Amino acid sequence: MQNNLFTSLRSMKLIEACKSTQVYAVNPSNSAASSSSSAAVDKPGLLPTFSIRTKSIRAAGNGVGHHYTPSMVVDTLLPFGLPSLEDIEPHVDPFLRPLDPVAALSDSFRRLSAAVDAVGDPAESRLLLLCDLHLELRSLLRPFADPKLLRRALSSARLHAPNAHHRLVLSAWLRFERREDQLQPAPAPLSACSPTSPTLECPRASLLSSSDFLCPCRRPPPDPSPPSSSAPHRHDPDDEDDADVWFCIADDEVPCVRSLIAALSKPLSTMLYGGFAEARRDHINFSLNSISTRGMKAVAAFSRSGRLDEFPPDTVLELLSFANKFCCDGLKHACDSKLASLVRTHDDALLLLDYGLEETSHLLVAACLQLFLRELPKSLSDPDVTKLLCAQEGKEKLAAAGHASFLLYHFLSQVAMEEDMKSNTTVMLLERLVECAAPGWQKQLSLHQLGCVMLERGEFKDALKWFEAAVSEGHVYSLVGVARAKFKKGHKYSAYKLVDQLINGSNPSAGWMHQEKSLYSLGKEKMTELQLATELDPTLAYPYKFRAIALMEDGKIGAAVAEINKIIGFKVSTDCLELRAWLLLARQDHEGALQDVRALMTLNPAYMMFHGKLHGDQLIDILQQHVKQCDMADCWMQLYDRWSAVDDIGSLAVVHQMLAKEPTCSSLRFRQSLLLLRLNCQKAAMHSLRLARNHSTTEHERLVYEGWMLYDTGNRDEALAKAEESISIQRSFEAFFLKAYALADSNLDHTSSTYVIQLLEQANSCASDNLRKGQAHNNMGSIYVDCDMLDEAAECYLKALGIKHTRAHQGLARVYYLKNQKKSAYDEMTKLIEKAKNSASAYEKRSEYCDRDMAKCDLNMATKLDPLRTYPYRYRAAVLMDDHKEEEAIKELSRAISFKPDLQLLHLRAAFHDSMGNTEGTLRDCEAALCLDPSHSDTLDLYNKARGRVELQST
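Small disclaimer: the values here were computed from a predicted structure and weren't measured.

Draft legend 1. Seen up close, the layout of surface pockets. Taken as a whole, the second largest pocket encloses approximately 620 Å³ of empty space. Along the walls of the second largest pocket sit 25 residues, with Arg204, Leu207, Leu208, Ala340 and Leu363 positioned nearest its centre. Listed by contribution, the elements that provide at least two residues to the lining of the second largest pocket are helix H8 (164-178), helix H9 (203-207), helix H14 (329-341) and helix H16 (362-374). Counting residues per element, the lining of the second largest pocket draws most heavily on H14, at seven residues. Among the residues forming the lining of the second largest pocket, the class breakdown is eleven nonpolar, eight polar and six charged.

Shown next, in the form of structure tokens:
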């Protein structure tokens, strides 16, 4: 079978392609199969692509530098080469990374608070400062990779946008984060909002001069009322009897009212009433003023009525030019508004943009620019648009119209980097970003990102220049880029020395520092640095990958798989899944490799395997020939088994297999999104959710998926409205479940809890599969527990367990514990540990039901399986605090905070500092925590008490 497998591979004529000495990971955005760019960042469904690369496939095939037997090489990976230690180096992160994240967040909170409390500053400058501070906070939050935190910071920036330009860019950015362009049919970029559209994304509100946050699309129409007798008299635009001056254009005469024309602007008033000859004439020659008879008649009509309702666009454009020539501010604003309202399509925007730029029409340019931004990333493929947005000349034109800013190019460069990190478009946008950046975080970010792009492009001299410029602006993390660029230029010792100095000057050092130093180290020192990196930051993938490949080179494939399993167990990524699939192929585990490739292709449907030589779907087709084929009934059985075993990756692979048979099944796409959320792959989950919505065959089903999309992006009220609309069309499990879930996401009183339970009961009365009904029973049990209705809760959990919802063991254990049946609770969690493939949370929960020593063992196991879980650190710190080991307790919390600044960890450390009398530490940790959740009441109370003491001491 093995020989048949690689006969299939060889028949695809890939061997010759693999003989090139230059192999690299293909960027998915360059693939025809790619519908979007990286999902980890803002491409839905796609994560950053990484393929293991080799310097020379021939060398790998000959076994040079590897400890493989010839037969092993021939029988396993010859067509693709072997994973190489030299070519899996981590990327330099293209975002701000402060040496002390907590101190940076604390400083950001203080400056935000000072800006909010500032009095006497002009309103617009204060809003501009607040908007900039929220954008800076978003940049500081980027390393946390939490979409909810990033979106909240972006929403806060939009709330404080000082002008139309900032509003239109930020509303477009918020819309881009939701990727509405992937809906089918895609909503028009500037279409009016529906009742369930996010208010901050309203295109009309963005163009208003008012700071009123009420979406104009939702405002009730004004009541018609008869004109007031006190209203000023308006001239009838068709009444020419009162004309007292005629403007002559060629052979035509346009009758006008002198006083009304003079009222349009000061220059016209001076001409008609000043010391000029025109002031004494009834007929004025206007032939040389570049206005047609029709245009002048429109000017006369506007002077009488103050409206432009009936004029065609070409006439309005002529009026705009006239208004600029004679400084008619009111006429210009009316023309600007009228033309801006005509922008509906991409072609409209392209046609009108040049006029807007030539006449410096702020609102018209804003409307055109807004359409391009709301069409991203598609609009970046239009050469006319990229010429405007990327070129120096285009930036100058936008600046003249008031629409060139750091914010604009920050957004554009983010989109371009996600689409194609190495493209010329990305480089030009980043160059514009640098030009617009103010000293401080803006310069640091723009220079650092330009360095990252040049490094990826292989332009190491330029990369070094930009990284050094970022360091000179104060961004210490850019030293990693300096070291990497020097290393690429052949200065390995210089790179080593630079990073070593960075580590020696930092107290404490960070995991990424030791990871970087390992790139320039050899032998035991390299392994020591990698181990230090993992101890300081267990979320870094590179050390696990390096150790796994090193073990493979020593022929220890089982140990290599175990090593990469350590990080896949708590942090799923495409590069790690690819490496594990490679290792499983090496030991001829076709079924395991197929599972990982299916999971990988769910994360990134455009992924290229094995040095970018083979599309993942092609490998799936080949591997399927060597495993048992399953029909849909078999797949459902497998899905139940894996779901019951809490095997999320296995479940994901089964759903991928089922979707290959039924690609338009929206319910399977929805289940795929749920699994991706469990694996914390939120952008990939949103992509699957969009596909579920697009494949929906009924209106009520489509509304439910749109509701989940809104809920997952923080628009809870809009999600509830979608659920209610769906229920009004047809009762369904998912509509009731969505409504119950969204309502439960708040502090429920008894009445509200009862209503949520009723909704879940109605959900279970509708048709659905047992996997979803098990979830409903489990959720119902949780609400009963909150209401202290333990018998009812136990009944719900038992029903869930009866249909293989294994996670219900945890809820049932909680019920036993609350009934003072601690041994039964412990046993129930043991059952979950025995059944669940991913059991870190089960060990953590079981620790609550045993004595201190056993709890410590369970929590240590939970940390080993998933170091991102914060409860074990908090528990161990609390125990140390109880034993009066304050410094050890702080150290335990600091260990986790160094790679995961979590709200609960920061709050607890602040409380510990407070109990030790360290007010400065208390304030710093509280401020950092409030950056993550400004409404956290316990932290607010602790912060206010600490501030009160400081103020008392200063008086």
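Moving on from the model shown.
Draft legend 2. Focus on the nonpolar core. Phe247, Phe286, Met296, Phe322 and Leu373 are the most contacted members of the largest nonpolar core, which has 180 residues in total. Sequence-distant contacts of Leu373, that is, excluding residues within four places in its chain, are made with Leu168, Val169, Ala172, Leu408, Phe411 and Leu412. Membership of the second largest hydrophobic core comes to 45 residues, among which are Leu720, Leu738, Ala740 and Ile757.

Draft legend 3. Molecular detail of the pattern of salt bridges. Across all of its chains, the model carries 51 salt bridges by this definition. The shortest N-O distance in the salt bridge between Asp575 and Lys545 comes to 2.7 Å. Remark: Lys545 occurs in helix H27 (residues 541-553) and Asp575 occurs in helix H29 (residues 574-586); sequence separation between them is 30 residues. Residue Asp575 shares its accessibility class with Lys545, and that shared class is buried.

Draft legend 4. Here's a closer look at the side chain of Thr922. When you line up the elements, Thr922 lands in helix H49 (residues 919-932). What makes Thr922 buried here is its relative accessible area of 0%. One polar contact links the side chain of Thr922 to the main-chain carbonyl oxygen of Ala910, over a distance of 3.4 Å. At 3.0 Å, the side chain of Thr922 forms a polar contact with the backbone nitrogen of Asp914.

Draft legend 5. A look at the environment of Pro98. Positionally, Pro98 belongs in the loop between helix H4 (70-75) and helix H5 (101-117). If we ignore the near neighbours within four places in the chain, the residues touching Pro98 are Ala104 and Leu140.

Draft legend 6. Main features of the packing of helix H24 (residues 492-504) against helix H25 (residues 511-519). Between H24 and H25, whose axes approach to 9 Å, the crossing angle comes to 160°. What the angle tells us is that H24 and H25 run roughly antiparallel. When the axes of H24 and H25 are compared, the crossing they make is left-handed. Across the interface between the two elements, Lys492, Tyr496, Val499, Asp500, Leu502 and Ile503 from H24 touch Trp512, Met513, His514, Glu516, Lys517 and Leu519 from H25. Here the contact of H24 with H25 is composed, by residue class, of seven nonpolar, one polar and four charged.

Draft legend 7. Region of the structure containing the packing of aromatic side chains. Evaluated as defined, the whole model comprises 24 aromatic pairs. With a centroid separation of 5.1 Å and 20° between ring planes, the pair formed by Trp173 and Phe411 is classed as stacked. Of this pair, Trp173 sits in helix H8 while Phe411 sits in helix H19 (residues 406-419), placing them 238 residues apart in sequence. Here Trp173 and Phe411 have matching classes, each one buried.

The rules behind the values
Residues numbered from 1 in each chain as written. Predicted model: local features only at pLDDT ≥ 70, side-chain atom pairs only at ≥ 80, totals over all residues. Heavy atoms only, no water. 1 Å grid on protein atoms, 1.4 Å probe; cavity = no way out; pocket = protein on both sides within 12 Å on 5 of 7 lines; lining within 4 Å. Points joined across faces, edges and corners; volume = space filled by probe spheres on them. Helix = DSSP H or I, 4+ residues; strand = E, 2+ residues; numbered from the N terminus. Nonpolar A, V, L, I, M, F, W, Y, C, P; charged D, E, K, R; others polar. Core = buried A, V, L, I, M, F, W, Y, C linked by side-chain atoms within 4.5 Å. Buried < 20%, exposed > 50% of the residue type's maximum accessible area, 1.4 Å probe, protein only. Contact = heavy atoms within 4.5 Å. Salt bridge = Lys/Arg side-chain N within 4 Å of Asp/Glu carboxyl O. Polar contact = N/O pair within 3.5 Å; in protein donor to acceptor, adjacent residues only side chain to side chain. Axes fitted to C-alpha atoms, helices over the stretch in contact; angles between N-to-C directions. Parallel < 35°, antiparallel > 145°, perpendicular 65-115°, else oblique. Left-handed = near helix turned anticlockwise from the far one by under 90°. Phe/Tyr/Trp six-rings, centres within 6.5 Å; stacked < 30°, edge-to-face > 60°.

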